[in-house]
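Spelled out from the first residue to the last, the chains are:
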Amino acid sequence: MTRFRKRSLPAHLLAATLLATPIALGPMMSEPAHAWRIVYDPSNHAQNILQAARALEQINNQITQLQNQAQMLMNQARNLASLPYSSLAELQASVQRTQQLLNEAQRVAHDVADIERAFTEQYGTAAASGDFDAMVGNARERWENSVAGFEDALRVQAGVVGNIEGARSQMQALVARSQGATGALQAAQAGNQLLALQSSQIADLTAAIAASNRAQALEAARVASAEAQARENLNRFLDYGSGYRPATVRMFSN
């Protein structure tokens, strides 16, 4: 049986080994003085994410508010935009043409003083006054007044009919502008111009009715004055004076 004998290291070698061991393990066990230690906190991380989400939501809300304000300003600008079209000049020209036709009335014009003077001198009781020649002259004047009145009525009616085409084109243009209005102001202005067009048509209708009624009134006054003149002529024809008075008549002279 073979025996193994333990051999111990020499004392100087053991001491050297123990002294060298801390030097070899020192770099591995110690940390640098300047190194940072990172610690992860899940609750803090979640809170930071929540705060960031809330901040992002506030920013999105502010952006939405700014967009709404910009849209509101754009709508206000459209509502305040004026209609780039006006039919006022054409409507005024149409009314002026009709007014000119009324002002060109012949003989007895559309004037209160002129009408009163004509009826004082030629119609009513004036038709049965004066001598025979004067009554004949007044009768002719009244007939000419009636003819002129009917002519004036026809001229005014022709002018009103001529304005219909212009009114149609203006109405078409205004309706198109109203349908294409970008704001409340443009729509209101288009509506106001349509009302102005309607007013001009009512003015034309009034002028035509006035001219027609004038002609009929002159003719009716002429007929009434002719009846008064006829009665006066009959009365004068039937007036025999004071009647027959006997008188001495000498047939032969000495």
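Residues numbered from 1 in each chain as written. Predicted model: local features only at pLDDT ≥ 70, side-chain atom pairs only at ≥ 80, totals over all residues. Heavy atoms only, no water.

What follows covers the overall build of the protein chain. The helix and strand tally for the protein chain stands at six helices and zero strands. When the helices and strands of the protein chain are placed in sequence order, the string is α-α-α-α-α-α. The proportion of buried residues among the 254 residues of the protein chain is 20%. When the accessible surface of the protein chain is totalled, it reaches about 19,600 Å², and 60% of it is carbon and sulfur. (Helix = DSSP H or I, 4+ residues; strand = E, 2+ residues; numbered from the N terminus. Buried < 20%, exposed > 50% of the residue type's maximum accessible area, 1.4 Å probe, protein only. Areas by Shrake-Rupley, 256 points an atom, 1.4 Å probe, with all protein chains shown as cover.)

Turning next to the packing of helix H3 (residues 88-103) against helix H6 (residues 184-238). Where H3 contacts H6, the two axes come as close as 10 Å, and the packing angle between them is 10°. The angle between H3 and H6 places the two elements in the roughly parallel class. Where H3 approaches H6, its residues Leu91, Ser94, Val95, Thr98 and Leu102 are matched on the opposing element by Gln193, Ala196, Leu197, Ser200, Asp204 and Ala207. Looking at side-chain class alone, the contact of H3 with H6 contains six nonpolar, four polar and one charged residues. (Axes fitted to C-alpha atoms, helices over the stretch in contact; angles between N-to-C directions. Parallel < 35°, antiparallel > 145°, perpendicular 65-115°, else oblique. Contact = heavy atoms within 4.5 Å. Nonpolar A, V, L, I, M, F, W, Y, C, P; charged D, E, K, R; others polar.)

Quick look at the packing of aromatic side chains now. Within the structure shown, the criterion is met by one aromatic pair. Centroid distance Phe119 to Tyr123: 4.4 Å. Interplanar angle 25°. Geometry classified as stacked. Among the residues examined, Tyr123 registers a relative accessible area of 2% and is labelled buried. Positioned above the aromatic ring of Tyr85 is the side chain of Arg177, whose terminal nitrogen or guanidinium carbon lies 4.4 Å from the ring centre. (Phe/Tyr/Trp six-rings, centres within 6.5 Å; stacked < 30°, edge-to-face > 60°. Lys NZ or Arg CZ within 6 Å of the ring centre and 35° of its normal.)

In this section: the confidence of the model for the protein chain. Of all residues in the protein chain, 80% attain a pLDDT of 70 or more, and the chain-wide mean is 81. Averaged pLDDT values for the elements of the protein chain fall to 48 in helix H1 (residues 11-29) and rise to 92 in helix H5 (residues 132-179). This stretch, residues 18-30, has a pLDDT under 50; its non-local contacts, to residues over four places away or in other chains, come to zero contacts. (pLDDT = per-residue confidence, 0-100.)

The next subject is the side chain of Gln229. Among the structural elements, Gln229 can be located in helix H6. Beyond its immediate stretch of four places on either side in the chain, Gln229 contacts Ala127, Met135, Val136, Ala139 and Arg142.

As a further point, take the environment of Asn138. With respect to the element layout, Asn138 can be found in helix H5. Exposure remark for Asn138: the relative accessible area of 18% places this residue in the buried category. Linking Asn138 and Gln229, residues 91 residues apart in sequence, is a C-alpha distance of 9.7 Å. Apart from the residues within four sequence positions on either side, Asn138 is in contact with Glu121, Gln122 and Ala126.

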